[in-house]
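Residue-level listing of the chains:
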Amino acid sequence: DQQVKQNSPSLSVQEGRISILNCDYTNSMFDYFLWYKKYPAEGPTFLISISSIKDKNEDGRFTVFLNKSAKHLSLHIVPSQPGDSAVYFCAAQNTDKLIFGTGTRLQVFP
Amino acid sequence: GAGVSQSPRYKVAKRGQDVALRCDPISGHVSLFWYQQALGQGPEFLTYFQNEAQLDKSGLPSDRFFAERPEGSVSTLKIQRTQQEDSAVYLCASMERGMTSTDTQYFGPGTRLTVL
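Note that the structure is a prediction, hence the values are computed from the model and not measured.

1. Brief notes about the sheet that holds strand β3 (residues 19–24) of chain B
All names here are of chain B.
Part 1: What the four strands build is an open sheet, ordered β1-β3-β8-β7; its pairing is antiparallel. Of all the strands in the sheet, the pair left with one neighbour each is β1 (5–7) and β7 (65–68). Recorded for the sheet is a direction-independent mean angle of 15 degrees between the axes of neighbouring strands.
Part 2: Judged from the five bridges that link them, β3 and strand β8 (residues 75–79) form a sheet pairing that is antiparallel. When the sheet's bridge partners are listed, V19 is paired in β8 with I79.

2. Some thoughts on the nonpolar core
Residues and elements named next belong to chain A.
Part 1: Ranked by internal contacts, the top residues of the largest apolar core, which has 24 residues, are F33, W35, L73, L75 and Y88.
Part 2: Looking at this core, the elements that each hand over two or more residues are β3 (19–25), β4 (32–38), β5 (45–51), β7 (62–67), β8 (72–77), β9 (86–94) and β11 (104–109).
Part 3: With four residues, β9 is the single largest residue contributor to this core.
Part 4: Apart from the residues within four sequence positions on either side, L73 is in contact with L21, N22, C23, Y25, F33, W35, V64, F65, L66 and C90.

Conventions and cut-offs
Residues numbered from 1 in each chain as written. Chains lettered and ligands numbered in written order. Predicted model: local features only at pLDDT ≥ 70, side-chain atom pairs only at ≥ 80, totals over all residues. Heavy atoms only, no water. Pairing = 2+ DSSP bridges. Helix = DSSP H or I, 4+ residues; strand = E, 2+ residues; numbered from the N terminus. Axes fitted to C-alpha atoms, helices over the stretch in contact; angles between N-to-C directions. Core = buried A, V, L, I, M, F, W, Y, C linked by side-chain atoms within 4.5 Å. Buried < 20%, exposed > 50% of the residue type's maximum accessible area, 1.4 Å probe, protein only. Contact = heavy atoms within 4.5 Å.

Written out as structure tokens, the structure is:
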């Protein structure tokens, strides 16, 4: 039973355009969400987070939106750069652990 | 400063062998986590330490898996009598404080375990 879902396994975006990565969750008790980025042979690197008391959090080119009623969050990257090419994981904090989605592979092409 | 380090980075074991995976968290970090990441999946929680206390081991898949953090710093994940289904990347993460809603878990590079 997947509590955090990333339904798009891959996404391809042209450099300079917006990348939108989506994530859905099933447990309404989750109150803190994070996005991690992962390059091959490296561990996940923290990108940005959002608390359930907010609906938006912005950090430079990265913005996370949270829609609690829809149990949906999204990560926007504007403008996308080739160095953004990686696997992106959405995660929800549940007491003492993070529950991850299966990831979306983003490819940014010139 | 130094991040989370893990060793070895790669481990090949024959089925039935015991393995030990090491994690060095960021210095001074109170919390330490182990996750297992199978191919094509997201990391899945195994266990959590706050200092030397193992507060949650609900994610350990069987009694062949054992983790310790005896002095509240370095941690070791041990897998006894390895099976092919244990093949995965094992990730360690540390966090500055205990579990709060605003702290971030910082991950190491992982140990890729292959069981033949």
